[in-house]
Amino acid sequence: MAPKASSSSLFLTLLVLALVARSSAGGIAIYWGQNGNEGTLTETCATGRYAYVNIAFLNKFGNGQTPEINLAGHCNPFTGGCKRVSNGIRNCQSQGIKVMLSLGGGIGSYSLSSSDDARQVAEYLWNNFLGGQSASRPLGDAVLDGIDFDIEGGKTEHWDDLARYLSEYSDRGRKVYLTAAPQCPFPDSSGNTDSLKTSWNRWTSSIPAKKIFIGLPASPRAAGSGFIPANVLTSEILPVIKGSPKYGGVMLWSKYFDDQTGYSSSIKGSV
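Residues numbered from 1 in each chain as written. Predicted model: local features only at pLDDT ≥ 70, side-chain atom pairs only at ≥ 80, totals over all residues. Heavy atoms only, no water.

Q: What's the story with the pattern of salt bridges in this structure? I'm lost.
A: Pairs may arise between side chains of opposite charge once their charged atoms sit close together. Here the structure, examined in full by the defined rule, presents nine salt bridges. The partner of Glu68 in a salt bridge is Lys60, with the nearest N and O atoms 3.5 Å apart. For Glu68, a relative accessible area of 28% corresponds to the partly exposed category. Between Arg119 and Asp116 there is a salt bridge, with its nearest N and O atoms 2.7 Å apart. Placement of both Arg119 and Asp116 in helix α4 (residues 115-128) is noted, with a separation of three residues, approximately one turn of the helix. Overall, Arg119 belongs to the partly exposed group, its relative accessible area being 35%. (Salt bridge = Lys/Arg side-chain N within 4 Å of Asp/Glu carboxyl O. Buried < 20%, exposed > 50% of the residue type's maximum accessible area, 1.4 Å probe, protein only. Helix = DSSP H or I, 4+ residues; strand = E, 2+ residues; numbered from the N terminus.)

Q: In this structure, what is going on with the state of the cysteines? I would like to understand it.
A: What we call a disulfide is simply a covalent bond connecting the sulfur atoms of a pair of cysteines. With the rule as written, the count across this model stands at two disulfides. A disulfide bridge connects Cys45 with Cys92, and the sulfur atoms are separated by 2.0 Å. Handedness here is read from the sign of the S-S torsion; for Cys45 and Cys92, about 95°, the answer is right-handed. On the criterion of sequence distance, the pair formed by Cys45 in helix α2 (residues 41-46) and Cys92 in helix α3 (residues 85-93) is long-range, its members being 47 residues apart. Each member of the pair Cys45 and Cys92 is classed as buried. (Disulfide = S-S within 2.5 Å.)

Q: Looking at this structure, I do not really get α3. What am I missing?
A: Side chains three or four residues apart in an α-helix point the same way, a direct result of the helix having 3.6 residues per turn. By the burial criterion, the buried members of α3 are Val85, Ser86, Gly88, Ile89 and Cys92. Down the axis of α3, the buried set is contained in an arc of 160°. They therefore lie on one face. In this fold, the buried residues of α3 make contact with β2 (27-32), α2, β3 (52-61) and β5 (98-105). (Arc of directions from axis to C-beta. Contact = heavy atoms within 4.5 Å.)

Q: Please clarify how the packing of helix α6 (residues 193-206) against helix α7 (residues 230-241) should be interpreted in this entry.
A: Relative orientation and spacing of two packed helices are given, respectively, by the angle between their axes and the distance between those axes. Close contact between α6 and α7 brings their axes to 10 Å; oriented N to C, the two are set at 35°. Two packed elements cross with a definite hand, and for α6 against α7 that hand is right-handed. The segment α6 lies against α7, with Thr193, Leu196, Lys197 and Trp200 engaging Glu236, Ile237, Val240 and Ile241. Tallied by class, residues from the contact of α6 with α7 come to five nonpolar, one polar and two charged. (Axes fitted to C-alpha atoms, helices over the stretch in contact; angles between N-to-C directions. Left-handed = near helix turned anticlockwise from the far one by under 90°. Nonpolar A, V, L, I, M, F, W, Y, C, P; charged D, E, K, R; others polar.)

Q: Looking at this structure, I do not really get the side chain of Ser264. What am I missing?
A: The residue Ser264 is located in helix α9 (residues 263-267) in this model. A relative accessible area of 0% places Ser264 in the buried class. Polar contacts involving the side chain of Ser264 include one to the side chain of Asp258, which spans 2.6 Å. With near-sequence residues (within four places) excluded, Ser264 lies in contact with Ile28, Arg49, Tyr50, Leu252 and Asp258. (Polar contact = N/O pair within 3.5 Å; in protein donor to acceptor, adjacent residues only side chain to side chain.)

Q: Just to check I follow, could you spell out unusual backbone geometry for this structure?
A: A negative phi holds for most residues other than glycine; trans holds for most peptide bonds. In this structure, Phe57 follows Ala56 across a cis peptide bond, with omega equal to 0°. Structurally, the position occupied by Phe57 is in strand β3. A positive phi angle, near 75°, is found at His158, a position not held by glycine. Relative to the elements of secondary structure, His158 occurs in the loop between β7 (146-151) and α5 (159-168).

Geometric descriptors of this kind do not, in isolation, establish any biological role.
Below is the structure:
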């Protein structure tokens, strides 16, 4: 299992940036892939609770490394076992659910040494997970909707280059969506709703994103801190931020923990 280590720092900040264009109604995004006991991708989307699924993680790439995907107990990519995930991707997409590949995570080896390195990684992602062609596609022949950036460690350079190169592939006929769970550029942890509104307004006015989601652990066990009870979220927090034109919904870590608590079921009607 390759957990989202440094979750405490991520979820303490509460906010998740998403560059996904969607209607003003909110949706729930979920991370899937880091616990073999959380069910298949098909089962995840069949719950009807999620609008977006981030497959986690491609946790080795860049700087001349051969890229590797780690889906914990779900499958073995080295024997081609993860190609069966293609069926799940297509099943999710047939229900209108966007499915992304998440880069990074808390445990792995990833960095970008130059703009050219970023270009090569973008080309790899296009050919192996998006609309390109490759004999080695780790998740099979299904075409993912885009790429999620969950960069929790290493150098900070050239991620903007990677995003730009990936975005250029949208010119080939199919939109490549980009999402990110940023290690916050400015503090946004909040002690009350007034502070939360101030932080939210700063994010929505400072970050040139289409939609911004509030990101939370789905269970107290899912992160070192940052858990908000579902009733507090729906009664005190969502009413403050849902009026924003950039409000996108709620992101949860992760499907496994959501299964334990039923968090998404508790908030779905309010998102």
